[in-house]
Amino acid sequence: MSEERVPTPDPAGPSRKPPREAVEEAQVRAPTRGNRKLESFLAAINGDEQVRAWWYMAQVHAERLGMSDHSWVHTQIVLNIALRLLRLLVKGGVEPAVVADHSMSARDAEVVVAGGALLHDVGMSIHRAEHEAYSLFLASGALERLLADCYREPERTIVAAEILHAIIGHRSRGEPYTLEAGVVRVADALDMAQGRTRIPLQSGQEGIHSISAAAVDEVRIEAGEERPVRIEIELNNSAGIFQVDDLLATKIRGTPLEGRIEVVARIEGESEKRLLSGFRLA
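Every chain begins its residue count from 1, and numbering advances along the sequence as written. For this predicted model, a pLDDT threshold of at least 70 governs which residues receive local features, and a threshold of 80 or more governs which side-chain atom pairs are given and counted, while totals over whole chains, interfaces and linings are taken from all residues. Only heavy atoms go into the side-chain values, all of them from the structure, while hydrogens and water stay out.

## Notes on the overall build of the protein
- Of regular secondary structure, the protein possesses 12 helices and 4 strands.
- If you take every contact in the protein between residues at least 6 apart in sequence, the share linking residues at least 24 apart comes to 68%.
- The Shrake-Rupley method, run with a 1.4 Å probe sphere, supplies the accessible areas, and residue values consider only the shown protein chains as cover. Just so you have it, the protein exposes about 12,600 Å², and 48% of that area is on carbon and sulfur atoms. Secondary structure elements follow DSSP: runs of H or I of four or more residues count as helices, runs of E of two or more count as strands, with numbering from the N terminus. Contacts are residue-level and defined by heavy atoms, with any inter-residue pair within 4.5 Å sufficient.

Right under this line is the structure:
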């Protein structure tokens, strides 16, 4: 998988399958770059039927509500985006919280980010409303076993707590305190390419959220020249500016990522009356 482009789900969406079959196919992957702790954590996640069953139920509830994809595919996309963001930030000289506060390493920060990305929506298996809080108590019970091969105490509890902070930090007005939690929050917002929203749009649920998301063709995450990260968003319609200015900007502002990410949106093609040629989020 290329790290230069954000992966997108099948526009047709996840197909309905019997629970056991659906759970078995859920296997998340991401470049670990030799990080043994991250490899161990991903193996534990992929071998945990309860976590994968939560992903299954999260998608069932998303479909009941006519929402965009919240399956393990979304989870894997957020995981890859989050690791990409974190690595570029670290390369750009930004220090993760686990390094600054616990004298751990950037590789431990990758485990925190992975945990937040993979478990942030498990509460959707219970209910959409307040799902971030439900994700906390589900994840809290699972992290003891998921981190068992990676960490001993007290590091295990510390890493688990940082993961839980990243989970609750992705809610509206989540106010994440750490770089890792901010990365998870922004990564979740960056799963915006049109394949994720085409189902609710095709089912007739037209609104600014579905229409603006359908206007996003591609998201690219690269090293910036003036800031550690540059995010380029390719739009096919100016309606996509809502995704960038209202949703993504809200996720970035007030986090440790503010001022460290440059966002540029461009509109390609001549299929609409051109109201603007580009947009830059400072």
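Let's pick the thread back up.
## Focus: the pairing of strand 1 (residues 216-223)
- Here, strands pair whenever DSSP counts at least two bridges between them. Where strand 1 and strand 2 (residues 229-235) come together, 7 bridges link them in antiparallel fashion. Along strand 2, the bridge assignment pairs glutamate 218 with glutamate 234.
- From the end of strand 1 to the start of strand 2, which pair antiparallel, there are 5 residues.

## Digging into the side chain of threonine 255
- Structurally, threonine 255 is set in the loop between helix 12 (241-252) and strand 3 (261-267).
- Note on classification: 1.4 Å probe, protein chains only; a residue is buried when its accessible area is under 20% of the maximum for its type, exposed when over 50%, partly exposed between these limits. A relative accessible area of 8% places threonine 255 in the buried class.
- Think of a polar contact as two N or O atoms within 3.5 Å of one another; within protein, one of them needs to be a possible hydrogen donor and the other a possible acceptor, and neighboring residues in sequence only count if both atoms come from side chains. Reaching out from threonine 255, the side chain makes a polar contact with the backbone oxygen of isoleucine 252 at a distance of 2.8 Å.
- If sequence neighbours within four positions are ignored, threonine 255 has contacts with Pro176, Gly182 and Arg185.

## Here's the deal with the confidence of the model for the protein
- Predictor confidence is given residue by residue as pLDDT, running from a minimum of 0 to a maximum of 100. The predicted model of the protein has a mean per-residue pLDDT of 84, with 82% of residues at 70 or higher.
- This stretch, residues 197-204, has a pLDDT under 50; its non-local contacts, to residues over four places away or in other chains, come to 17 contacts.
- pLDDT under 50 marks residues 273-277. Its contacts with residues more than four places away, or in other chains, come to 9 contacts.

## Side note on helix 4 (residues 72-91)
- With 20 residues, helix 4 ought to run about 28 Å at 1.5 Å a step, and its terminal C-alpha atoms sit 28 Å apart, in line with that.
- For helix 4, the buried fraction is high: 17 of the 20 residues fall into the buried class.
- Glycine 93 lies just past helix 4 and shows a positive phi near 95°. What a helix should span is 1.5 Å times the count of its residues minus one.

## Observations regarding the nonpolar core
- In plain words, nonpolar cores are sets of buried Ala, Val, Leu, Ile, Met, Phe, Trp, Tyr and Cys residues tied together by side-chain atoms within 4.5 Å. Phe41, Leu85, Leu190, Ile231 and Ile233 are the most contacted members of the largest nonpolar core, which totals 72 residues.
- Ranked by residues supplied to this core, first place goes to helix 4 with 11 residues.
- Setting aside residues no more than four positions away along its own chain, leucine 190 makes contact with Ile81, Leu85, Val219, Ile221, Ile231 and Leu248.

## Concerning the environment of alanine 114
- As for its position among the elements, alanine 114 is in helix 6 (residues 106-119).
- Placed 76 residues apart in sequence, alanine 114 and leucine 38 show a C-alpha to C-alpha distance of 7.8 Å.
- With sequence-adjacent residues up to four places away left out, alanine 114 is seen in contact with Leu38, Phe41 and Leu79.

## Regarding unusual backbone geometry
- With an omega of 5°, the peptide bond running from glutamate 153 to proline 154 counts as cis.
- Note that proline 154 resides in the loop between helix 7 (131-146) and helix 8 (155-168).
- At arginine 173, a position not held by glycine, the phi torsion is positive, near 55°.
- Positionally, arginine 173 belongs in the loop between helix 8 and helix 9 (179-189).
- We classify arginine 173 as exposed; its relative accessible area is 67%.
- Positive phi, normally seen in glycine, also occurs at glutamate 175, with a value near 50°.
- Within the element layout of this structure, glutamate 175 appears in the loop between helix 8 and helix 9.

## Looking at the packing of aromatic side chains
- Note on aromatic contacts: the rings of Phe and Tyr and the six-membered ring of Trp form a pair at centre separations within 6.5 Å, being stacked when their planes are under 30 degrees apart, edge-to-face when over 60 apart, and tilted otherwise. Within this structure, the stated rule accounts for 1 aromatic pair.
- Taking the centre distance of 6.1 Å and the plane angle of 70° together, the rings of tyrosine 134 and phenylalanine 137 count as edge-to-face. Residue tyrosine 134 and its partner phenylalanine 137 are located together in helix 7, separated by 3 residues, close to a single helical turn.

## Here's the deal with the pattern of salt bridges
- Definition used for salt bridges: Asp or Glu carboxyl oxygen within 4 Å of a side-chain nitrogen of Lys or Arg. Within the structure shown, the criterion is met by 10 salt bridges.
- For the salt bridge of arginine 145 with aspartate 48, the shortest nitrogen-to-oxygen distance reads 2.5 Å. Taken as a pair, arginine 145 in helix 7 and aspartate 48 in the loop between helix 2 (36-46) and helix 3 (49-64) lie far apart in primary sequence, 97 residues in all.
- A relative accessible area of 37% means that arginine 145 is categorised as partly exposed.
- A salt bridge links glutamate 232 to arginine 230; the shortest N-O distance between them is 2.8 Å. Taken individually, glutamate 232 and arginine 230 each receive the classification buried, so the pair is uniform in this respect.

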